[in-house]
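Architecture and fold: a report
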Amino acid sequence: MKLQRLVLETFRNHEQTIVDCSSGVNLFLGDNGEGKTNILEGISYLCLSKSFYAANDTIVMNVQKNGFVVTGDFLSDANIFYETRVVFDKLQNQKTITVNKAKVDKASSLLGQFPMVILSPEQSSITFGSPSDRRRFVDFVISQSSRTYLEYLIEYKRILKQRNKILSDMIFSHKENNTAIEPWNEILVRVGTALVEKRIEFIEDFQTIVIDSYATVAGIAERPEISYVPSFKCAAGKEAIETTFHQALKDRDQEERRIGHSLVGPHRDEFIFKINKLDTRNFASQGQHKTFLIAIKLAEFFYLKERCNEIPILLLDDVLSEMDGRRSQRLLETIAELGQVFITSTDERALNWIPIVSSNPRKFFVRQGTINRVEDAAYIR
Ligand SMILES: Nc1ncnc2c1ncn2[C@@H]1O[C@H](COP(=O)(O)OP(=O)(O)OP(=O)(O)O)[C@@H](O)[C@H]1O
Ligand SMILES: [Mg+2]
């Protein structure tokens, strides 16, 4: 997938910004606070229907305006043209998404159609943060590549909410309500099992790709590992998962009733990242965290490329500033070959490592929400 043109209207500090994109590397240079990340955020609206970090629609809308529009012209790998448009209207509190002028019914339907991988400082929570950060990452990758998984995930969250409500109501009313909870157990196990099955399959595939990507980024003999630890012990296979899930619910029934929320199921699963058999959360150095993060992001790229049958767009926000020259060079040489990349940096020297011939780089200066393209490719060196 290639983004040919991006238009931001009253989006953050961009009044009207038009980016005619290179199909290779696009570099956005500028000082702090000029509006570089905002451009990547605009791209994420086109691919995910929302910001790649926590901000909501009202926050990204220009503070002095009543809405925003993000438009993108895409060309798929099979040469099909798509114009995607996200329009937010604050007064009606409504976000409308259209692809080739046809309205997209649910925002989630967009996911996976324009696959995207983002590497930004916020993402460091994947290796540093809590289990929920890693679950969110895994769910996000699988959801971009599997509509079924995404639907099960949405359904699971709904079921969990209902079941938690019954459990907490029992506490407040001091009444046991077995008839209310039983049907929710059945459905929790059924939908939860589908998620666990897919997560087992995903980690098996993903782990192999991570090992390769890690070697590419680090260039040294460290052994990364990702393991999946479901909230209850289970063997692979639908029936085995269902049986152990039911058993785990029985075992923790009293505890759940005492606490008032659900303690077993995919919402409590963990993904453990290790380097040379040591948990990254407790043992990895800063540099190893960074390397691990880049490796899983590259792995995400390769995984999505294969599963979506479409080359994802790669966004790198402020990644280079934190890396030593040798690693920056390795990273840029690797990613310049991958497809279309959008990179932000405050440091012009970052560009020196981009191979010009293969990546057809284009350079833009960002200043107070406006951009200027530097036309001369020779200047880039
Ligand atoms: N909703 C908004 N409306 C108007 N301006 C906004 C809005 N949100 C953020 N800004 C402005 O956008 C600028 C920040 O943009 P952005 O995060 O893209 O900067 P950046 O170039 O990536 O900077 P850095 O190098 O520090 O990461 C700030 O000047 C901020 O005041
Ligand atoms: Mg930024």
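Please refer to the structure placed before this passage.
Residues numbered from 1 in each chain as written. Chains lettered and ligands numbered in written order. Predicted model: local features only at pLDDT ≥ 70, side-chain atom pairs only at ≥ 80, totals over all residues. Heavy atoms only, no water.

1. Brief notes about the pattern of salt bridges
Here the structure, examined in full by the defined rule, presents 20 salt bridges. Close ionic contact of R12 with E41 constitutes a salt bridge, the shortest N to O distance being 2.7 Å. Residue R12 is found in the loop between β1 (2-11) and β2 (14-20), and its partner E41 is found in helix α1 (residues 36-48); the two are separated by 29 residues along the sequence. The partner of R199 in a salt bridge is D139, and the shortest N-O contact between them spans 3.0 Å. Linking R199 in helix α6 (residues 178-218) with D139 in helix α4 (residues 131-145), this pair joins segments that are 60 residues apart in sequence. (Salt bridge = Lys/Arg side-chain N within 4 Å of Asp/Glu carboxyl O. Helix = DSSP H or I, 4+ residues; strand = E, 2+ residues; numbered from the N terminus.)

2. Details of the environment of E201
Along the chain, the position of E201 falls in helix α6. What makes E201 partly exposed here is its relative accessible area of 36%. Between the C-alpha atoms of E201 and V341, which are 140 residues apart in sequence, the distance is 29 Å. (Buried < 20%, exposed > 50% of the residue type's maximum accessible area, 1.4 Å probe, protein only.)

3. Some remarks on the sheet that holds strand β4 (residues 67-75)
Taken in spatial order, the six strands make up an open sheet running β2-β1-β4-β5-β6-β7, and their pairing is antiparallel. Lying at the two open borders of the sheet, with one neighbouring strand each, are β2 and β7 (102-103). Two elements, β1 and β2, share six bridges in a ladder whose sense is antiparallel. Note that in β2 the partner of R5 across the bridge is D20. Along the sheet face, α1 touches β1, β2, β4, β5 (81-89) and β6 (94-99) and points at about 110 degrees away from the line of β1. (Pairing = 2+ DSSP bridges. Contact = heavy atoms within 4.5 Å. Axes fitted to C-alpha atoms, helices over the stretch in contact; angles between N-to-C directions.)

4. A closer look at the site of ligand 1
Around ligand 1, 16 residues are found, and the nearest of them are G33, K36, T37, N38 and I59. Contacts to ligand 1 include R12, whose side-chain N or O atom sits 3.1 Å from a nitrogen atom. When ligand 1 is considered free in solution it has 650 Å² of accessible area, and contact with the protein chains removes 70% of it. Those elements giving two or more residues to the shell around ligand 1 turn out to be α1 and α2 (57-60). Of the residues belonging to the shell around ligand 1, the class tally is four nonpolar, eight polar and four charged. (Near = heavy atom within 4 Å. Polar contact = N/O pair within 3.5 Å; in protein donor to acceptor, adjacent residues only side chain to side chain. Areas by Shrake-Rupley, 256 points an atom, 1.4 Å probe, with all protein chains shown as cover. Nonpolar A, V, L, I, M, F, W, Y, C, P; charged D, E, K, R; others polar.)

5. Comments concerning the side chain of D73
Structurally, D73 is set in strand β4. In this structure D73 is buried but unpaired, with R5 as the nearest side chain of opposite charge at 5.1 Å. (Lys, Arg positive; Asp, Glu negative; His and termini not counted.)

6. Examining the packing of α6 against helix α7 (residues 238-251)
For the pair α6 and α7, the least separation of the axes is 9 Å and the interaxial angle reads 130 degrees. Considering their axes alone, α6 and α7 lie oblique with respect to each other. Our pair here, α6 against α7, has a crossing hand that is right-handed. Listed contacts from α7 to N185, E186, L188, V189, R190, G192, T193, V196, E197 and I200 of α6 are K238, I241, E242, F245, H246 and L249. Residues of the contact of α6 with α7, tallied by class, amount to seven nonpolar, four polar and five charged. (Parallel < 35°, antiparallel > 145°, perpendicular 65-115°, else oblique. Left-handed = near helix turned anticlockwise from the far one by under 90°.)

7. A few points about empty space enclosed by the protein
The gaps left among the atoms become clear once a water-sized probe is rolled over them. Counted by the stated rule, this structure contains two cavities of 30 Å³ or more. Of the pockets and cavities examined, the largest cavity occupies roughly 40 Å³. Looking at the largest cavity, the residues that line it are V117, L119, I294, K297, L298, L314, L316 and I335. Elements with a contribution of two residues or more to the lining of the largest cavity: β8 (116-119), α10 (286-308) and β12 (313-317). Take the lining of the largest cavity: its biggest share by element is three residues, from α10. Put simply, the second largest cavity is a space of about 30 Å³. Every residue lining the second largest cavity is listed: R163, L167, M170, I181, D253, E256 and R257. (1 Å grid on protein atoms, 1.4 Å probe; cavity = no way out; pocket = protein on both sides within 12 Å on 5 of 7 lines; lining within 4 Å. Points joined across faces, edges and corners; volume = space filled by probe spheres on them.)

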